[in-house]
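A look at the structure
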Amino acid sequence: MKPRIKVLTLGVDDLERSLAFYRDGMGLETKGITGQQFEDGAVVFFHVNDGLILALWPTASLSKDAKIAATQMRLGAVSIGHIVNSKEEVDAVVRQAEQAGAVVTDRPHDRFWGGYSGYFRDPDDHLWEIAWNPQWSIPD
């Protein structure tokens, strides 16, 4: 397998609510819900960076497509990392997420590894870490 991860799909319980959180609350650009003409096809795509696509798809549709049982247990298995250029930007993004309806699970603070980060849960309990690492420079 070659390292070509291009789509990260989050199973969501309420597509409209999740669309509003990411588009209106977090400021991600999208064309909105597409694929509604197909059974189990309604999906939202956000083109985020370097060709990566963040997709929102109803959990029932995702589990049906993958032929697995849907689960509500989302916390603890995976976190999604968003890297920024400063401690102040970490604070701002976590604050923006909280104002958009996220639940902050760990407020930003200095970390043992030399960086600074905070965690929040989106409306479907997907865990996000917003982090700054002094060793990394992220282009705008």
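Below, the structure is looked at part by part.

Quick notes on the rules
Residues numbered from 1 in each chain as written. Predicted model: local features only at pLDDT ≥ 70, side-chain atom pairs only at ≥ 80, totals over all residues. Heavy atoms only, no water. Pairing = 2+ DSSP bridges. Helix = DSSP H or I, 4+ residues; strand = E, 2+ residues; numbered from the N terminus. Contact = heavy atoms within 4.5 Å. Axes fitted to C-alpha atoms, helices over the stretch in contact; angles between N-to-C directions. Core = buried A, V, L, I, M, F, W, Y, C linked by side-chain atoms within 4.5 Å. Buried < 20%, exposed > 50% of the residue type's maximum accessible area, 1.4 Å probe, protein only. 1 Å grid on protein atoms, 1.4 Å probe; cavity = no way out; pocket = protein on both sides within 12 Å on 5 of 7 lines; lining within 4 Å. Points joined across faces, edges and corners; volume = space filled by probe spheres on them. Nonpolar A, V, L, I, M, F, W, Y, C, P; charged D, E, K, R; others polar.

1. Quick notes on the sheet that holds strand β2 (residues 33-34)
Across the sheet, 4 strands lie side by side as β1-β4-β3-β2; this open sheet has mixed pairing. Looking at the sheet topology across the chains shown, the edges are occupied by β1 (7-12) and β2. Packing of helix α1 (residues 15-25) onto the sheet brings it into contact with β1, β2, β3 (43-49) and β4 (52-58), and relative to β4 it is tilted by some 150 degrees. Along the sheet, helix α2 (residues 59-66) contacts β1 and β4; its crossing angle with β4, the most-contacted strand, is approximately 100 degrees.

2. Quick word on the nonpolar core
Core analysis: the biggest nonpolar cluster contains 26 residues, and Tyr22, Leu56 and Phe120 have the highest contact counts within it. Those elements giving two or more residues to this core turn out to be β1, α1, β3, β4, β5 (79-84), α3 (87-99), β7 (116-121) and β8 (127-132). Setting aside chain neighbours within four positions, we find Tyr22 in contact with Leu10, Gly27, Leu28, Phe46, Leu54, Leu56, Asp122 and Trp128.

3. Considerations on the layout of surface pockets
With a probe scaled to a water molecule rolled over the atoms, the places where space remains empty come into view. Each pocket or cavity is described by its volume, and for the largest pocket that value is around 790 Å³. Considering the residues around the largest pocket, the lining is formed by 29 residues, among which Leu28, Val48, Asn49, His82 and Ile83 are closest to the centre. Breaking the lining of the largest pocket down by element, the ones donating at least two residues are α1, β3, β4, β5, α3 and β8. Looking at the lining of the largest pocket residue by residue, the classes come out as 19 nonpolar, 6 polar and 4 charged.

4. Concerning unusual backbone geometry
Despite not being glycine, Asp50 has its phi angle at roughly 50 degrees, a positive value. The phi torsion at Asp125 lies on the positive side, around 70 degrees, for a residue other than glycine. Within the fold, Asp125 resides in the loop between β7 and β8. According to the relative accessible area criterion, Asp125 is partly exposed, its value standing at 26%.

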